[in-house]
Amino acid sequence: MDRNFGLGGLNISDNATPRLPSPEPHHPSRGNNHNVQELLEVAERNSGVLSLQGAKRKAELKELEFVEDIGHGSCGTVSKCSYQSVTMAVKTMPRTTNSYEMSRILMDLDVICLSFDCPYIVRCFGYFITSYDVRVCMECMATCLDRLLVRIQKPIPEDIIGKLSISIIKALHYLKTKHQIMHRDVKPSNILLDWSGVIKLCDFGIAGRLIESRAHSKQAGCPLYMGPERLDPNNFNSYDIRSDVWSLGLTLVELATGKYPYAGTEFDMMTKIMNDEPPRLNPGKFSPEFCHLVEICLQRDPNNRPNYDQLLDHPFIKYHEEQDTDVEEWFANVMGDSD
Ligand SMILES: Nc1ncnc2c1ncn2[C@@H]1O[C@H](COP(=O)(O)OP(=O)(O)OP(=O)(O)O)[C@@H](O)[C@H]1O
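Values in this document were obtained by computation on a predicted structure and should not be read as measured data.

Asker: Give a detailed account of the pattern of salt bridges, specifying residues and quantitative values.
Answerer: Enumeration according to the criterion identifies 12 salt bridges in this entry. Ionic pairing is found between E44 and R95, a salt bridge with its closest N-O pair at 3.0 Å. With E44 in helix α1 (residues 33–44) and R95 in the loop between β5 (86–94) and α2 (99–114), this residue pair connects regions lying 51 residues apart in the sequence. Look at R95 and you get partly exposed, because its relative accessible area is 24%. Its salt-bridge partner being K178, residue D117 comes within 2.5 Å of it at the nearest N-O pair.

Spelled out as C-alpha coordinates, the structure:
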(Lines give C-alpha, C1' and ligand atoms only; values in the text may rest on other atoms or scores of the structure.)
Protein backbone atom coordinates (compact mmCIF):
# COMPACT_ATOMS: atom_id res chain seq x y z
CA MET A 1 0.00 0.00 0.00
CA ASP A 2 1.40 3.41 -0.79
CA ARG A 3 1.23 6.33 1.48
CA ASN A 4 -1.65 8.05 -0.32
CA PHE A 5 -3.76 4.99 -0.05
CA GLY A 6 -4.06 5.02 3.71
CA LEU A 7 -4.99 8.26 5.32
CA GLY A 8 -2.95 10.16 2.75
CA GLY A 9 -5.84 12.52 2.20
CA LEU A 10 -4.97 14.00 5.57
CA ASN A 11 -1.94 15.68 4.03
CA ILE A 12 0.37 13.77 6.29
CA SER A 13 3.79 15.32 6.64
CA ASP A 14 7.01 13.51 7.52
CA ASN A 15 7.62 15.37 10.76
CA ALA A 16 6.07 14.65 14.13
CA THR A 17 3.02 16.85 13.57
CA PRO A 18 0.03 14.89 14.86
CA ARG A 19 -2.23 13.77 12.03
CA LEU A 20 -4.93 12.19 14.10
CA PRO A 21 -5.93 13.16 17.61
CA SER A 22 -4.02 11.22 20.22
CA PRO A 23 -6.25 8.82 22.17
CA GLU A 24 -4.88 10.10 25.46
CA PRO A 25 -7.60 10.84 27.98
CA HIS A 26 -6.06 14.12 29.08
CA HIS A 27 -4.66 15.35 25.84
CA PRO A 28 -5.79 18.88 24.94
CA SER A 29 -7.32 17.66 21.71
CA ARG A 30 -9.42 15.14 23.64
CA GLY A 31 -13.11 15.64 23.35
CA ASN A 32 -12.67 17.49 20.10
CA ASN A 33 -15.49 15.73 18.31
CA HIS A 34 -15.22 18.05 15.39
CA ASN A 35 -11.63 17.01 14.73
CA VAL A 36 -12.39 13.29 14.99
CA GLN A 37 -15.34 13.75 12.65
CA GLU A 38 -13.19 15.58 10.12
CA LEU A 39 -10.52 12.89 10.20
CA LEU A 40 -13.12 10.20 9.82
CA GLU A 41 -14.51 11.94 6.76
CA VAL A 42 -11.04 12.08 5.22
CA ALA A 43 -10.49 8.38 5.97
CA GLU A 44 -13.88 7.57 4.46
CA ARG A 45 -12.67 8.73 1.06
CA ASN A 46 -10.38 5.71 0.87
CA SER A 47 -12.92 3.29 2.26
CA GLY A 48 -13.17 0.12 0.19
CA VAL A 49 -9.90 0.61 -1.70
CA LEU A 50 -7.91 -2.60 -1.28
CA SER A 51 -4.29 -2.90 -2.28
CA LEU A 52 -3.64 -6.48 -3.32
CA GLN A 53 -0.89 -8.11 -5.34
CA GLY A 54 0.53 -4.74 -6.29
CA ALA A 55 -2.75 -3.28 -7.58
CA LYS A 56 -5.47 -1.20 -5.99
CA ARG A 57 -9.09 -2.10 -6.48
CA LYS A 58 -12.39 -0.79 -5.23
CA ALA A 59 -14.12 -3.50 -3.26
CA GLU A 60 -17.61 -3.85 -1.82
CA LEU A 61 -18.02 -4.95 1.76
CA LYS A 62 -20.36 -7.74 0.64
CA GLU A 63 -17.50 -9.27 -1.35
CA LEU A 64 -15.73 -10.15 1.91
CA GLU A 65 -16.67 -13.70 2.82
CA PHE A 66 -16.60 -14.58 6.49
CA VAL A 67 -14.55 -17.72 7.18
CA GLU A 68 -14.22 -17.93 10.97
CA ASP A 69 -13.75 -15.93 14.16
CA ILE A 70 -10.15 -15.34 15.24
CA GLY A 71 -10.57 -13.47 18.50
CA HIS A 72 -11.87 -10.51 20.45
CA GLY A 73 -10.05 -7.55 21.96
CA SER A 74 -11.05 -4.47 23.92
CA CYS A 75 -11.72 -2.53 20.71
CA GLY A 76 -13.47 -5.08 18.51
CA THR A 77 -13.36 -8.51 16.96
CA VAL A 78 -11.03 -10.08 14.45
CA SER A 79 -12.26 -12.64 11.93
CA LYS A 80 -10.76 -14.55 9.07
CA CYS A 81 -12.34 -13.52 5.76
CA SER A 82 -11.75 -14.22 2.14
CA TYR A 83 -11.82 -11.69 -0.70
CA GLN A 84 -11.40 -13.12 -4.22
CA SER A 85 -9.43 -16.04 -2.80
CA VAL A 86 -7.15 -13.81 -0.69
CA THR A 87 -7.39 -14.69 3.00
CA MET A 88 -7.43 -11.72 5.37
CA ALA A 89 -7.81 -10.98 9.05
CA VAL A 90 -10.52 -8.34 9.35
CA LYS A 91 -10.68 -6.33 12.55
CA THR A 92 -14.16 -4.88 13.07
CA MET A 93 -14.45 -1.98 15.49
CA PRO A 94 -17.89 -0.50 16.14
CA ARG A 95 -18.23 3.22 15.39
CA THR A 96 -18.94 5.20 18.47
CA THR A 97 -19.82 8.76 19.40
CA ASN A 98 -17.20 8.61 22.16
CA SER A 99 -14.33 10.65 20.73
CA TYR A 100 -11.69 8.82 22.83
CA GLU A 101 -12.78 5.44 21.47
CA MET A 102 -13.06 6.85 17.97
CA SER A 103 -9.60 8.38 18.08
CA ARG A 104 -8.26 4.99 19.23
CA ILE A 105 -9.75 3.38 16.13
CA LEU A 106 -8.36 6.10 13.89
CA MET A 107 -4.92 5.83 15.51
CA ASP A 108 -4.85 2.06 14.91
CA LEU A 109 -5.85 2.66 11.29
CA ASP A 110 -3.40 5.50 10.78
CA VAL A 111 -0.36 3.68 12.16
CA ILE A 112 -1.01 0.43 10.31
CA CYS A 113 -1.54 2.32 7.03
CA LEU A 114 1.55 4.47 7.57
CA SER A 115 3.71 1.42 8.29
CA PHE A 116 3.16 -0.25 4.91
CA ASP A 117 6.92 -0.18 4.28
CA CYS A 118 7.95 -1.94 7.50
CA PRO A 119 8.33 -5.74 7.19
CA TYR A 120 8.01 -6.13 10.97
CA ILE A 121 4.54 -4.58 11.22
CA VAL A 122 1.41 -6.42 10.17
CA ARG A 123 0.35 -5.36 6.67
CA CYS A 124 -2.92 -3.62 5.94
CA PHE A 125 -4.69 -4.19 2.60
CA GLY A 126 -7.21 -1.41 3.14
CA TYR A 127 -10.33 -0.75 5.15
CA PHE A 128 -14.06 -0.19 5.05
CA ILE A 129 -15.85 2.51 6.99
CA THR A 130 -19.61 2.05 7.24
CA SER A 131 -22.18 3.91 9.33
CA TYR A 132 -21.82 1.19 11.97
CA ASP A 133 -18.21 0.17 12.07
CA VAL A 134 -14.64 0.40 10.81
CA ARG A 135 -13.16 -2.80 9.32
CA VAL A 136 -9.44 -3.04 8.84
CA CYS A 137 -8.32 -5.73 6.38
CA MET A 138 -4.92 -7.13 7.37
CA GLU A 139 -2.70 -9.97 6.31
CA CYS A 140 -3.79 -13.04 8.23
CA MET A 141 -1.19 -14.29 10.66
CA ALA A 142 -1.22 -17.76 12.26
CA THR A 143 -1.36 -16.77 15.94
CA CYS A 144 -0.24 -14.29 18.57
CA LEU A 145 2.40 -15.22 21.15
CA ASP A 146 0.14 -15.35 24.20
CA ARG A 147 -2.14 -17.84 22.50
CA LEU A 148 0.87 -19.78 21.33
CA LEU A 149 2.15 -20.07 24.92
CA VAL A 150 -1.24 -21.32 26.07
CA ARG A 151 -1.35 -23.82 23.25
CA ILE A 152 2.15 -25.27 23.53
CA GLN A 153 2.23 -25.18 27.36
CA LYS A 154 5.98 -24.67 27.47
CA PRO A 155 8.50 -21.84 27.14
CA ILE A 156 9.75 -20.64 23.76
CA PRO A 157 13.39 -21.66 23.12
CA GLU A 158 16.08 -18.99 23.39
CA ASP A 159 17.13 -19.19 19.72
CA ILE A 160 13.53 -18.55 18.61
CA ILE A 161 13.28 -15.65 21.07
CA GLY A 162 16.49 -14.30 19.54
CA LYS A 163 14.85 -14.06 16.11
CA LEU A 164 11.64 -12.73 17.55
CA SER A 165 13.44 -10.01 19.53
CA ILE A 166 15.13 -8.75 16.36
CA SER A 167 11.76 -8.26 14.61
CA ILE A 168 10.09 -6.55 17.54
CA ILE A 169 12.99 -4.19 18.26
CA LYS A 170 13.16 -3.29 14.56
CA ALA A 171 9.40 -2.62 14.47
CA LEU A 172 9.61 -0.34 17.53
CA HIS A 173 12.71 1.37 16.17
CA TYR A 174 10.94 1.97 12.85
CA LEU A 175 7.91 3.55 14.57
CA LYS A 176 10.15 5.81 16.63
CA THR A 177 12.58 6.94 13.95
CA LYS A 178 10.27 7.11 10.96
CA HIS A 179 7.01 8.29 12.53
CA GLN A 180 7.86 9.56 16.03
CA ILE A 181 5.44 7.08 17.55
CA MET A 182 5.74 4.79 20.56
CA HIS A 183 3.61 1.66 20.73
CA ARG A 184 2.70 1.74 24.46
CA ASP A 185 1.12 -1.72 24.48
CA VAL A 186 3.96 -4.15 23.82
CA LYS A 187 2.90 -7.58 25.13
CA PRO A 188 2.71 -11.15 23.80
CA SER A 189 -0.85 -10.74 22.45
CA ASN A 190 0.33 -7.92 20.18
CA ILE A 191 3.10 -9.98 18.60
CA LEU A 192 1.95 -12.17 15.73
CA LEU A 193 3.60 -15.06 13.95
CA ASP A 194 2.76 -16.47 10.51
CA TRP A 195 3.18 -19.99 9.16
CA SER A 196 6.47 -19.11 7.52
CA GLY A 197 7.91 -18.02 10.85
CA VAL A 198 7.66 -14.27 10.19
CA ILE A 199 7.11 -12.20 13.33
CA LYS A 200 5.22 -8.88 13.32
CA LEU A 201 3.91 -6.26 15.70
CA CYS A 202 0.22 -5.23 15.66
CA ASP A 203 -2.46 -3.25 17.51
CA PHE A 204 -1.68 0.46 17.50
CA GLY A 205 -4.89 1.83 19.04
CA ILE A 206 -3.10 3.39 21.97
CA ALA A 207 0.15 4.25 20.27
CA GLY A 208 1.34 7.71 21.26
CA ARG A 209 2.79 10.53 19.26
CA LEU A 210 6.08 11.67 20.67
CA ILE A 211 6.59 15.35 21.25
CA GLU A 212 10.29 16.08 21.63
CA SER A 213 10.71 12.30 22.01
CA ARG A 214 8.30 12.06 24.94
CA ALA A 215 4.69 10.92 25.42
CA HIS A 216 2.44 12.64 27.90
CA SER A 217 -0.30 10.34 29.14
CA LYS A 218 -0.08 7.59 31.75
CA GLN A 219 -3.50 6.12 31.08
CA ALA A 220 -3.07 3.99 28.01
CA GLY A 221 -1.86 0.39 27.72
CA CYS A 222 -2.08 -2.84 29.66
CA PRO A 223 -0.88 -1.98 33.21
CA LEU A 224 0.71 -5.40 33.71
CA TYR A 225 3.33 -4.67 31.07
CA MET A 226 3.87 -1.00 31.97
CA GLY A 227 7.14 0.20 33.42
CA PRO A 228 7.11 1.33 37.09
CA GLU A 229 7.34 4.98 36.01
CA ARG A 230 3.99 4.69 34.23
CA LEU A 231 2.25 3.07 37.21
CA ASP A 232 3.50 5.48 39.87
CA PRO A 233 0.58 7.81 40.78
CA ASN A 234 3.04 10.40 42.09
CA ASN A 235 4.94 10.62 38.86
CA PHE A 236 3.52 13.42 36.75
CA ASN A 237 6.41 13.38 34.33
CA SER A 238 6.14 12.32 30.74
CA TYR A 239 7.92 9.18 29.57
CA ASP A 240 9.65 7.98 26.43
CA ILE A 241 10.27 4.86 24.35
CA ARG A 242 12.19 3.33 27.25
CA SER A 243 8.80 2.50 28.78
CA ASP A 244 8.23 0.26 25.75
CA VAL A 245 11.70 -1.20 26.40
CA TRP A 246 10.48 -2.31 29.85
CA SER A 247 7.39 -3.93 28.27
CA LEU A 248 9.66 -5.69 25.81
CA GLY A 249 11.86 -7.01 28.65
CA LEU A 250 8.85 -8.34 30.54
CA THR A 251 7.50 -9.92 27.36
CA LEU A 252 10.84 -11.69 26.79
CA VAL A 253 10.82 -13.08 30.35
CA GLU A 254 7.29 -14.40 29.83
CA LEU A 255 8.20 -16.07 26.53
CA ALA A 256 11.43 -17.56 27.91
CA THR A 257 9.87 -18.98 31.09
CA GLY A 258 6.41 -19.71 29.71
CA LYS A 259 4.65 -17.58 32.30
CA TYR A 260 4.02 -13.97 33.26
CA PRO A 261 6.59 -13.18 35.99
CA TYR A 262 4.27 -11.65 38.62
CA ALA A 263 1.47 -13.38 40.53
CA GLY A 264 -1.54 -12.34 42.62
CA THR A 265 -4.37 -9.93 41.92
CA GLU A 266 -3.86 -7.18 39.36
CA PHE A 267 -3.33 -4.75 42.26
CA ASP A 268 -0.70 -7.07 43.83
CA MET A 269 1.12 -7.38 40.55
CA MET A 270 1.15 -3.63 39.94
CA THR A 271 2.43 -3.05 43.49
CA LYS A 272 5.23 -5.56 42.88
CA ILE A 273 6.17 -3.91 39.58
CA MET A 274 6.50 -0.59 41.38
CA ASN A 275 8.28 -1.82 44.53
CA ASP A 276 10.06 -5.14 43.98
CA GLU A 277 13.31 -5.90 42.25
CA PRO A 278 12.52 -6.50 38.55
CA PRO A 279 12.43 -10.11 37.30
CA ARG A 280 15.62 -11.68 35.99
CA LEU A 281 16.33 -14.79 33.93
CA ASN A 282 17.98 -17.76 35.62
CA PRO A 283 21.64 -17.69 34.45
CA GLY A 284 21.74 -21.48 34.77
CA LYS A 285 19.15 -21.80 32.02
CA PHE A 286 19.89 -18.98 29.59
CA SER A 287 22.95 -17.49 27.92
CA PRO A 288 24.73 -14.61 29.67
CA GLU A 289 23.89 -12.36 26.69
CA PHE A 290 20.17 -13.07 26.97
CA CYS A 291 20.22 -12.59 30.76
CA HIS A 292 22.05 -9.29 30.26
CA LEU A 293 19.60 -8.04 27.63
CA VAL A 294 16.66 -8.72 29.96
CA GLU A 295 18.49 -7.13 32.87
CA ILE A 296 19.14 -3.86 31.04
CA CYS A 297 15.57 -3.66 29.68
CA LEU A 298 14.12 -4.26 33.15
CA GLN A 299 15.86 -1.44 35.00
CA ARG A 300 13.62 0.42 37.43
CA ASP A 301 15.06 3.75 36.37
CA PRO A 302 14.09 4.29 32.71
CA ASN A 303 17.25 6.36 32.16
CA ASN A 304 19.31 3.20 32.70
CA ARG A 305 17.45 1.26 30.02
CA PRO A 306 18.90 1.06 26.49
CA ASN A 307 17.38 2.77 23.47
CA TYR A 308 16.68 0.85 20.26
CA ASP A 309 20.04 1.60 18.64
CA GLN A 310 21.77 0.19 21.72
CA LEU A 311 19.49 -2.84 21.72
CA LEU A 312 20.17 -3.52 18.05
CA ASP A 313 23.86 -3.40 18.86
CA HIS A 314 23.56 -5.76 21.82
CA PRO A 315 25.57 -9.05 21.58
CA PHE A 316 22.39 -11.14 21.99
CA ILE A 317 20.79 -9.45 18.97
CA LYS A 318 24.00 -9.42 16.92
CA TYR A 319 24.52 -13.12 17.59
CA HIS A 320 21.00 -14.12 16.59
CA GLU A 321 21.08 -11.98 13.46
CA GLU A 322 23.85 -14.23 12.23
CA GLN A 323 22.09 -17.51 13.04
CA ASP A 324 20.04 -19.51 10.53
CA THR A 325 17.38 -20.38 13.07
CA ASP A 326 14.41 -21.95 11.33
CA VAL A 327 11.42 -20.37 13.06
CA GLU A 328 9.06 -21.83 10.45
CA GLU A 329 10.13 -25.39 11.19
CA TRP A 330 10.00 -24.89 14.96
CA PHE A 331 6.52 -23.38 14.68
CA ALA A 332 5.22 -26.22 12.47
CA ASN A 333 6.62 -28.77 14.96
CA VAL A 334 5.14 -27.19 18.09
CA MET A 335 1.76 -26.69 16.43
CA GLY A 336 1.81 -30.31 15.27
CA ASP A 337 2.81 -31.57 18.74
CA SER A 338 0.02 -29.63 20.43
CA ASP A 339 -2.79 -30.88 18.12
N1 LIG B 1 -3.63 -9.82 11.45
C2 LIG B 1 -4.01 -10.76 12.30
N3 LIG B 1 -3.93 -12.06 11.96
C4 LIG B 1 -4.30 -13.04 12.82
N5 LIG B 1 -4.76 -12.81 14.07
C6 LIG B 1 -4.88 -11.53 14.47
C7 LIG B 1 -4.52 -10.45 13.61
N8 LIG B 1 -4.73 -9.28 14.31
C9 LIG B 1 -5.21 -9.64 15.51
N10 LIG B 1 -5.30 -10.98 15.61
C11 LIG B 1 -5.76 -11.74 16.77
O12 LIG B 1 -7.10 -11.38 17.05
C13 LIG B 1 -7.33 -11.35 18.45
C14 LIG B 1 -7.94 -10.02 18.84
O15 LIG B 1 -7.01 -9.01 18.54
P16 LIG B 1 -7.16 -7.53 19.06
O17 LIG B 1 -5.99 -6.77 18.54
O18 LIG B 1 -8.52 -7.02 18.69
O19 LIG B 1 -7.15 -7.65 20.63
P20 LIG B 1 -6.06 -8.09 21.73
O21 LIG B 1 -4.72 -7.53 21.36
O22 LIG B 1 -6.15 -9.58 21.96
O23 LIG B 1 -6.63 -7.39 23.02
P24 LIG B 1 -6.63 -5.84 23.41
O25 LIG B 1 -7.17 -5.09 22.23
O26 LIG B 1 -7.54 -5.83 24.56
O27 LIG B 1 -5.21 -5.50 23.72
C28 LIG B 1 -5.98 -11.61 19.12
O29 LIG B 1 -5.92 -12.98 19.49
C30 LIG B 1 -4.97 -11.35 18.03
O31 LIG B 1 -3.83 -12.14 18.15
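Asker: Can you explain helix α4 (residues 158–179)? Please cite residues and give values.
Answerer: Between its first and last C-alpha atoms α4 spans 31 Å; for 22 residues at 1.5 Å apiece the expected length is 32 Å, and the two agree. Across the 22 residues that make up α4, a large majority, 18, are buried. Residue Q180 follows α4 closely and has a positive phi angle near 55°.

Asker: Residues and numbers for the packing of α4 against helix α10 (residues 315–322), please.
Answerer: The geometry of α4 relative to α10 is characterised by a closest axis approach of 9 Å and an angle of 105° between their N-to-C directions. If you check the angle between α4 and α10, you find them roughly perpendicular. Taken together, the residues of α10 that come into contact with α4 (itself represented by E158, D159, I161, G162, K163, S165, I166, I169 and K170) are F316, I317, H320 and E321. In terms of residue class, the contact of α4 with α10 is made up of five nonpolar, three polar and five charged.

Asker: Please give an account of the nonpolar core that cites residues and values.
Answerer: Judged by nonpolar contacts, the single largest core of 90 residues is most densely connected at L148, I156, F290 and W330. Residues lining this core come from more than one domain, with at least three contributed by each of domain 1 (28–138) and domain 2 (143–337). Beyond its immediate sequence surroundings of up to four residues, I156 is in contact with L148, L149, I161, L255, A256 and W330. Counting residues in each nonpolar core, the second largest holds 12 residues, with A59, Y83, M88 and C137 among its members.

Asker: If you had to explain the domain arrangement of the protein to someone new, which residues and values would you point to?
Answerer: With domains assigned, the protein is organised as domain 1 (28–138) and domain 2 (143–337). Measuring from the centre of the C-alpha atoms in domain 1 to the corresponding centre in domain 2 gives 26 Å. At the junction of the two partners, domain 1 supplies 18 residues and domain 2 supplies 20 residues. When the two sides are added together, the surface that domain 1 and domain 2 hide from each other amounts to roughly 1,700 Å², 60% of it contributed by carbon and sulfur. For the pair domain 1 and domain 2, the interface holds two salt bridges. Ionic pairing is found between D203 and K91, a salt bridge with its closest N-O pair at 3.4 Å. The element that contributes the greatest number of residues to the side of domain 1 that touches domain 2 is α2, accounting for eight residues. Of the residues belonging to the side of domain 1 that touches domain 2, the class tally is 11 nonpolar, two polar and five charged.

Asker: I'd like a rundown of a negative patch on the surface, residues and numbers included.
Answerer: Among the surface-exposed residues, D324, D326, E328 and E329 lie close enough to one another that they form a single negatively charged patch. Within the element layout of this structure, E329 appears in helix α11 (residues 327–337). Overall, the relative accessible area of 48% leaves E329 in the partly exposed class.

Asker: Would you mind going over the sheet that holds strand β3 (residues 65–72) in detail, with residue names and values included?
Answerer: Strand order in the open sheet formed by five strands is β3-β4-β5-β7-β6, with antiparallel pairing between adjacent strands. Two strands in the sheet have a free side with no partner beyond their single neighbour: β3 and β6 (124–129). The sheet shows a mean angle of 25° between the axes of neighbouring strands, taken without regard to direction. The pairing of strand β4 (residues 77–83) with β5 spans seven bridges and is antiparallel. In the sheet register, Y83 faces β5, and the bridge partner there is V86. Where α2 meets the sheet, its contacts fall on β5, β6 and β7 (133–139), and the angle it forms with β7 comes to roughly 25°.

Asker: Could you give an account of the site of the ligand, naming the residues involved and the relevant values?
Answerer: Residues in contact with the ligand amount to 20 residues; listed here are only the nearest, S74, E139, M141, K187 and N190. In this structure, an oxygen atom belonging to the ligand sits 3.2 Å away from a side-chain N or O atom of R147. Between the ligand and K187 there is a distance of 3.0 Å, counted from an oxygen atom to a side-chain nitrogen or oxygen. For the ligand, whose unbound accessible area comes to 610 Å², protein coverage reaches 91%. For the shell around the ligand, the secondary structure elements donating two or more residues are β3, β5 and β7. The element best represented in the shell around the ligand is β3, accounting for three residues. Looking at the shell around the ligand, its residues break down into nine nonpolar, six polar and five charged.

Asker: An account of helix α6 (residues 242–257) is requested, with residue identities and associated values reported.
Answerer: The first and last C-alpha atoms of α6 sit 23 Å apart over 16 residues, in line with the 22 Å expected at 1.5 Å per residue. Most of α6 sits out of view: 15 of its 16 residues are buried. Where α6 ends, the next residue or the one after it, G258, has phi of about 85°, a positive value.

What counts, and where the lines are drawn
- Residues numbered from 1 in each chain as written.
- Predicted model: local features only at pLDDT ≥ 70, side-chain atom pairs only at ≥ 80, totals over all residues.
- Heavy atoms only, no water.
- Salt bridge = Lys/Arg side-chain N within 4 Å of Asp/Glu carboxyl O.
- Helix = DSSP H or I, 4+ residues; strand = E, 2+ residues; numbered from the N terminus.
- Buried < 20%, exposed > 50% of the residue type's maximum accessible area, 1.4 Å probe, protein only.
- Expected span 1.5 Å × (residues − 1).
- Axes fitted to C-alpha atoms, helices over the stretch in contact; angles between N-to-C directions.
- Parallel < 35°, antiparallel > 145°, perpendicular 65-115°, else oblique.
- Contact = heavy atoms within 4.5 Å.
- Nonpolar A, V, L, I, M, F, W, Y, C, P; charged D, E, K, R; others polar.
- Core = buried A, V, L, I, M, F, W, Y, C linked by side-chain atoms within 4.5 Å.
- Domains from an automatic or database assignment.
- Buried area = accessible area lost by both parts, 1.4 Å probe.
- Patch = residues over 30% accessible without salt bridge, like charges linked within 9 Å, V, L, I, M, F, W, Y side chains within 5 Å.
- Areas by Shrake-Rupley, 256 points an atom, 1.4 Å probe, with all protein chains shown as cover.
- Lys, Arg positive; Asp, Glu negative; His and termini not counted.
- Charge placed at Lys NZ, Arg CZ, Asp CG, Glu CD.
- Pairing = 2+ DSSP bridges.
- Near = heavy atom within 4 Å.
- Polar contact = N/O pair within 3.5 Å; in protein donor to acceptor, adjacent residues only side chain to side chain.

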